[in-house]
Amino acid sequence: MIEVHEGQDAAACDEFVRAAPQASYFHLAAWQNTYREVYGLRPFALVAQDAGAVVGVLPLCAVHAWPARAHVTSLPGGWCAASPSAAAALLAAACALTRRLDAAYLVLRDSPDPLPWADAAAPGAARWHTVARHVTVRQSLHAGADALWQGFSHDLRNLVRRGQRAGFDLSWDADQLDAWYPAFAETAQRKGTPVLSRRFFRQAQAHFPERFTLLVLRHNGELVGGGCQFLLGQTVWCTWGAIRPPFLRQHATYLMYWEIMAHFAGLGWAAVDFGRSATDSGHAAFKRRFGQQQPLYQHVWLHRQRTLPGLIAQARPAGSLSLAQRLWQRLPPAVAEALSAIVRRRIPFG
């Protein structure tokens, strides 16, 4: 019989996550500590067990978005479970937690899986709503770098070659975080998005020193950009990357994607995941040139709130920005970075 407990044996849970093919690195126990330490989120770790063995995990956080009512959110990836019954047990426990906290709603973010029941008449199903406007792009690395290169279109190979001829210097070094971060912050503000703090990445690196890597590009000593990767199982997760605008026309982004694929294929990794993008966005279209698209679901269970939260319900035309985003773009960079730390406590994953 499956039982769900709150609180966790981190070692046992991480052992389950490392062996689960559907797991994301956000399912590792220390990620909740990272968000608590940096943004003050209150963590709740739900663990499903069957005969004492871990069969599922669901890392949650309570977000106090004053003046709005608090809500409960999963970390990106939603639940990780060995069976639909374990997943259903975790979701039932998450709903019970939401009721206990008297929160507005529960959201399970960026789940690769639909809800673990097909029957719309299942108990409690009427309160669940699913929004599917995001995707990730993945690519198998099993074939090796040469086969991956030959599988690219002629046009894509030419764009990568142009990046190779542009004279960029590439270096793999996890200690380059402070050098890379300004390009990441600049890119986030250009999108009108509050940036994750430098401390966030430092804490993540401190919790996962063996699972964090970083590729940095420079041109004649000037920072171009790069990307950080987190490693779990046999998958390389490329969630955060940035190339500064002056170098986009020199095809630095094409070069960065190819170098990540070739590097980790050579090291024997099985797959690369290029992270979340809006389905109809230019970012998703770019990533699809390097892999296959897979849907991501936002599952929302409404409690005190009767309508979907705005950031999930609103659909904007590709490339359009809200008034708040346009104003954010105009802030002085230092001000935007300082305000981001405040905004991210209330919208940690938006």
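Note: the structure precedes this text.
Residues numbered from 1 in each chain as written. Predicted model: local features only at pLDDT ≥ 70, side-chain atom pairs only at ≥ 80, totals over all residues. Heavy atoms only, no water.

Regarding the overall build of the chain
When you go through the chain residue by residue, the secondary structure sums to 12 helices and 13 strands. Taken over C-alpha atoms, the radius of gyration comes to 20 Å for the chain, in line with the 20 Å a tight globule of 350 residues would show. Based on the C-alpha atoms only, the size of the chain along its principal axes is roughly 60 × 45 × 35 Å. Across the 350 residues of the chain, 51% fall into the buried class. Across the chain, every contact between residues at least 6 apart in sequence was considered, and the portion connecting residues at least 24 apart equals 74%. Total accessible area computed for the chain in this model is approximately 16,000 Å², and 53% of it derives from carbon and sulfur atoms. Between the mean site of the 35 positive side-chain charges and the mean site of the 24 negative ones, the chain shows a separation of 10 Å. (Helix = DSSP H or I, 4+ residues; strand = E, 2+ residues; numbered from the N terminus. Rg over C-alpha atoms; globule rule 2.2 N^0.38 Å. Buried < 20%, exposed > 50% of the residue type's maximum accessible area, 1.4 Å probe, protein only. Contact = heavy atoms within 4.5 Å. Areas by Shrake-Rupley, 256 points an atom, 1.4 Å probe, with all protein chains shown as cover. Lys, Arg positive; Asp, Glu negative; His and termini not counted. Charge placed at Lys NZ, Arg CZ, Asp CG, Glu CD.)

Digging into helix α7 (residues 198-207)
Those residues of α7 that fall on the buried side of the exposure criterion are Phe-200, Phe-201, Ala-204 and Gln-205. Angular distribution of buried residues about the axis of α7 spans 130°; they occupy a single face of the element. Buried residues along α7 sit against α2 (30-39), α6 (177-190), β9 (212-219), β10 (222-232) and β11 (235-243). (Arc of directions from axis to C-beta.)

As for the packing of α2 against α7
Running from N to C, α2 and α7 cross one another at 150°; their axes reach a closest spacing of 9 Å. Handedness of the α2/α7 crossing: right-handed. Packed against α2, whose contacting residues are Ala-30, Trp-31, Asn-33, Thr-34, Tyr-35, Glu-37, Val-38 and Tyr-39, the element α7 presents Arg-199, Phe-200, Gln-203, Ala-204 and His-207 at the interface. (Axes fitted to C-alpha atoms, helices over the stretch in contact; angles between N-to-C directions. Left-handed = near helix turned anticlockwise from the far one by under 90°.)

A closer look at the nonpolar core
Counting residues in each nonpolar core, the largest one holds 45 residues, and the members touching the most others are Trp-31, Tyr-35, Trp-180, Phe-184, Phe-200, Phe-201 and Trp-240. Counting residues per element, the ones that place at least two in this core are α1 (10-19), α2, β3 (53-63), α6, α7, β9, β10 and β11. In terms of residues, this core owes the most to one element, α6, which gives seven residues. Not counting residues up to four positions away in its chain, the partners in contact with Trp-240 are Tyr-25, Phe-26, Trp-31, Trp-180, Phe-184, Leu-196, Phe-200, Phe-201, Gly-227, Cys-228 and Phe-230. In terms of nonpolar packing, the next biggest core, distinct from the first, is built from 34 residues, Phe-152, Leu-231, Ile-260 and Phe-274 among them. (Core = buried A, V, L, I, M, F, W, Y, C linked by side-chain atoms within 4.5 Å.)

Considerations on the packing of aromatic side chains
According to the stated counting rule, one finds 39 aromatic pairs in the structure shown. Here Trp-172 and Phe-264 contribute two aromatic rings whose centre-to-centre distance is 5.5 Å and whose plane-to-plane angle is 85°, an arrangement assigned as edge-to-face. On the criterion of sequence distance, the pair formed by Trp-172 in strand β8 (residues 169-172) and Phe-264 in helix α8 (residues 252-266) is long-range, its members being 92 residues apart. Owing to a relative accessible area of 31%, Trp-172 belongs among the partly exposed residues under this scheme. Judged by relative accessible area, Phe-264 falls into the buried class, the value being 3%. Lying across the ring of Trp-237, Arg-138 places its NZ or CZ 5.5 Å from the centre. (Phe/Tyr/Trp six-rings, centres within 6.5 Å; stacked < 30°, edge-to-face > 60°. Lys NZ or Arg CZ within 6 Å of the ring centre and 35° of its normal.)

Concerning the packing of helix α5 (residues 154-165) against α8
Relative to each other, α5 and α8 sit at 100°, their axes nearing to 8 Å. Comparing their axes, α8 and α5 come out roughly perpendicular. Along its contact with α5, which presents Leu-156, Leu-159, Val-160, Gly-163 and Gln-164, the element α8 presents Tyr-254, Leu-255 and Trp-258. A breakdown of the residues in the contact of α5 with α8 according to their chemical character gives six nonpolar, two polar and no charged. (Parallel < 35°, antiparallel > 145°, perpendicular 65-115°, else oblique. Nonpolar A, V, L, I, M, F, W, Y, C, P; charged D, E, K, R; others polar.)

Observations concerning a nonpolar patch on the surface
A cluster of nonpolar side chains, namely Val-335, Leu-339 and Ile-342, defines an oily patch on the protein surface of about 230 Å² accessible area. Along the chain, Leu-339 turns up in helix α12 (residues 333-346). Take Leu-339: its relative accessible area is 35%, and that puts it in the partly exposed class. (Patch = residues over 30% accessible without salt bridge, like charges linked within 9 Å, V, L, I, M, F, W, Y side chains within 5 Å. Salt bridge = Lys/Arg side-chain N within 4 Å of Asp/Glu carboxyl O.)

Some details on unusual backbone geometry
The phi torsion at Asp-102 lies on the positive side, around 55°, for a residue other than glycine. Along the chain, Asp-102 turns up in the loop between α3 (84-101) and β6 (105-111). Although it is not a glycine, Asp-110 adopts a positive phi angle of roughly 55°. Using a relative accessible area of 13% as the deciding quantity, one classes Asp-110 as buried.

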